[in-house]
Amino acid sequence: MSRRIVIAGASMGGLRAAEQLRAAGWDEEIVVVGDEIHPPYNRPPLSKDLLAAPGSREEALAAVQLRQRRTATDIRWRLGAAVTAADLAARTLTLGTGEELAYDGLVIATGLRPRRVPVPGPTAGRHVIRRLEDTLVLHGELKPKTRVVVIGAGFIGCEAAATAAGLGCQVSLIEGTGGPMERPLGRELSAGIRTFLQTHGIDCVAGKRVTEFLDVPGTYTEGAGRCAGVRLEDGTEVAADVVIEAVGSLPNVEWLAGNGLDLSDGVLCNEHLQVLGAEHVVAVGDVARYPDRRAGGPARRVEHWATPADTAKIAAPALVARLKGDVVPEPAAPLPSFWTDIFKTRIQGVGSPALADTIEVLEGNPSRPWEGTALAYYRDGRLIGAVTAALPADRQLHYRKLVNESGIPAGANLAAV
Ligand SMILES: Cc1cc2nc3c(=O)[nH]c(=O)nc-3n(C[C@H](O)[C@H](O)[C@H](O)COP(=O)(O)OP(=O)(O)OC[C@H]3O[C@@H](n4cnc5c(N)ncnc54)[C@H](O)[C@@H]3O)c2cc1C
């Protein structure tokens, strides 16, 4: 009888896992179960080009849909079906329909969902950006002169603020505790990005958290009305027609509860992406927490577009080897990479800049990132990351190569290498 690998989650991680299972020689059954009704699609445009101009629903989907590799044949897609529970000892999953689905191998690819701002107030008029529908609904509300409050100044918050400003909205960016993209990029570049946002008319509010969503400014009636603004911790009120919450994400792991796994931040895996405490189970993409063999430090999740492909290339061969009784191949040590686009200026990163203890400017002036700059990120004296802004692709490739080869101590003239 044919054996079955089930992939839970039908986005980029699910697709890349299916492709890599076939590439690793799995010629038996593959079933992908996803709770969204759409085939796998690309999320980065949801806060950028697509939010600015999605076109019709069909055009929007066509613009973001991911192409399946020709080698990824004979995959059964169960879309619009959530996995609600798992019994890893019995190797069965329960779907929202009540159906039980048995597996021989399991790939966890259920990604993340947006975290909400945990303060009281009305919910209507508040948005998040994770799914295609989020972008289509939000776009419909972003008209010229609309007052938009964006809460959170990470990648998605800054991108959404820039897109809304580009559509002629009056945008306030409530940064919260850190500056724009400060955690991944560091304080100096963050300050430059704030200046960049401000020169495009965005009101950046630093160092103040939101304590309440307002109904009519100054008042709040429990459960009633549409959100009309926010109150900050110093009592200031910021009026809004539209509020966008961009304060990070939560891993979709509840369906795995009761199996004795470490689900404290995603699913804890080893360097082969095998889930610790479960046999024949691997995880890929944003939901996987695994050791960073390059930068060191504790296992962590990497929430970037390249992660589903990077992790699937390790997880799929490991799972197939286990199921076939072969030796699990030596895992690669993926080099993380990411990008963001703010007002057509591309900021690109490689490695793990967020883990740095020392940052060095290599090119340009980080306080004016739109003119072109590059920074190196070190941990314990070793180069672990680099970020460029508004530089040509060959400069980014140059720094990528250096980080890939690493072992370079602070103070070396990297720009000239
Ligand atoms: C708005 C936005 C902009 C981004 N921009 C960039 C960028 O510019 N650069 C960059 O590097 N990265 C960017 N990213 C990050 C990148 O898109 C993600 O890292 C990537 O999508 C992760 O893919 P994934 O498959 O692991 O998870 P997800 O894309 O989250 O997919 C998980 C899938 O599983 C489904 N699912 C969840 N629970 C269940 C369940 N119980 N049963 C069945 N299905 C389930 C979900 O609905 C979803 O379809 C962006 C992300 C967003 C949201």
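Quick summary incoming for the structure in this document. Bear in mind that the values here come from a model prediction, so they are computed numbers and not experimental data. (Residues numbered from 1 in each chain as written. Predicted model: local features only at pLDDT ≥ 70, side-chain atom pairs only at ≥ 80, totals over all residues. Heavy atoms only, no water.)

## Looking at the sheet that holds strand β5 (residues 92–95)
Link 1 in the chain: Overall, antiparallel pairing links the 3 strands, which are arranged β4-β5-β6 in an open sheet. Pairing within the sheet leaves two strands with one partner each, and these edge strands are β4 (83–87) and β6 (100–102). Ignoring which end each strand starts from, the neighbouring axes of this sheet average 25 degrees apart.
Link 2 in the chain: Both β4 and β5 contribute to a ladder of 4 bridges, which runs antiparallel. Along β5, the bridge assignment pairs Ala86 with Leu93. (Pairing = 2+ DSSP bridges. Helix = DSSP H or I, 4+ residues; strand = E, 2+ residues; numbered from the N terminus. Axes fitted to C-alpha atoms, helices over the stretch in contact; angles between N-to-C directions.)

## Some thoughts on the site of the ligand
Link 1 in the chain: Near the ligand you find 34 residues, and of these Gly13, Asp35, Glu36, Arg43 and Lys48 are the closest.
Link 2 in the chain: Its free accessible area being 1,000 Å², the ligand has 95% of it covered by the protein chains.
Link 3 in the chain: A breakdown of the residues in the shell around the ligand according to their chemical character gives 15 nonpolar, 10 polar and 9 charged. (Near = heavy atom within 4 Å. Areas by Shrake-Rupley, 256 points an atom, 1.4 Å probe, with all protein chains shown as cover. Nonpolar A, V, L, I, M, F, W, Y, C, P; charged D, E, K, R; others polar.)

## Observations concerning the pairing of strand β7 (residues 105–108)
Link 1 in the chain: Burial along β7 is two-sided: the face carrying Gly105 and Val107 and the face carrying Leu106 and Ile108 are both buried.
Link 2 in the chain: Across 4 bridges, the pairing between strand β1 (residues 4–8) and β7 is parallel. Residue pairing for β7: Ile5 is matched across the bridge by Gly105.
Link 3 in the chain: The pairing of β7 with strand β19 (residues 281–283) spans 3 bridges and is classified as parallel. Its bridge partner being in β19, Leu106 is matched across the sheet by Val281. (Buried < 20%, exposed > 50% of the residue type's maximum accessible area, 1.4 Å probe, protein only.)

## Details of the side chain of Arg301
Link 1 in the chain: With respect to the secondary-structure elements, Arg301 resides in the loop between β20 (288–289) and α8 (307–324).
Link 2 in the chain: Here Asp265 takes part through its side chain, which lies 2.8 Å from a polar atom of the side chain of Arg301.
Link 3 in the chain: Polar side-chain contacts of Arg301 include one of 3.1 Å to the side chain of Glu303.
Link 4 in the chain: Not counting the four nearest positions on each side in its chain, Arg301 is found in contact with Leu112, Pro251, Asp265, Gly266, Asp286, Val287, Ala288 and Arg289. (Polar contact = N/O pair within 3.5 Å; in protein donor to acceptor, adjacent residues only side chain to side chain. Contact = heavy atoms within 4.5 Å.)

## Some details on the sheet that holds strand β13 (residues 210–214)
Link 1 in the chain: In spatial order, the strands read β13-β14-β15; together these 3 strands make up an open sheet with antiparallel pairing. The open sheet terminates on both sides in strands that have one partner only, identified here as β13 and β15 (237–239). The average angle at which neighbouring strand axes cross in this sheet is 25 degrees, direction not considered.
Link 2 in the chain: With 3 bridges joining them, strand β14 (residues 229–232) and β15 adopt antiparallel strand pairing. Directly across from Arg231, in β15, lies its bridge partner Glu237.

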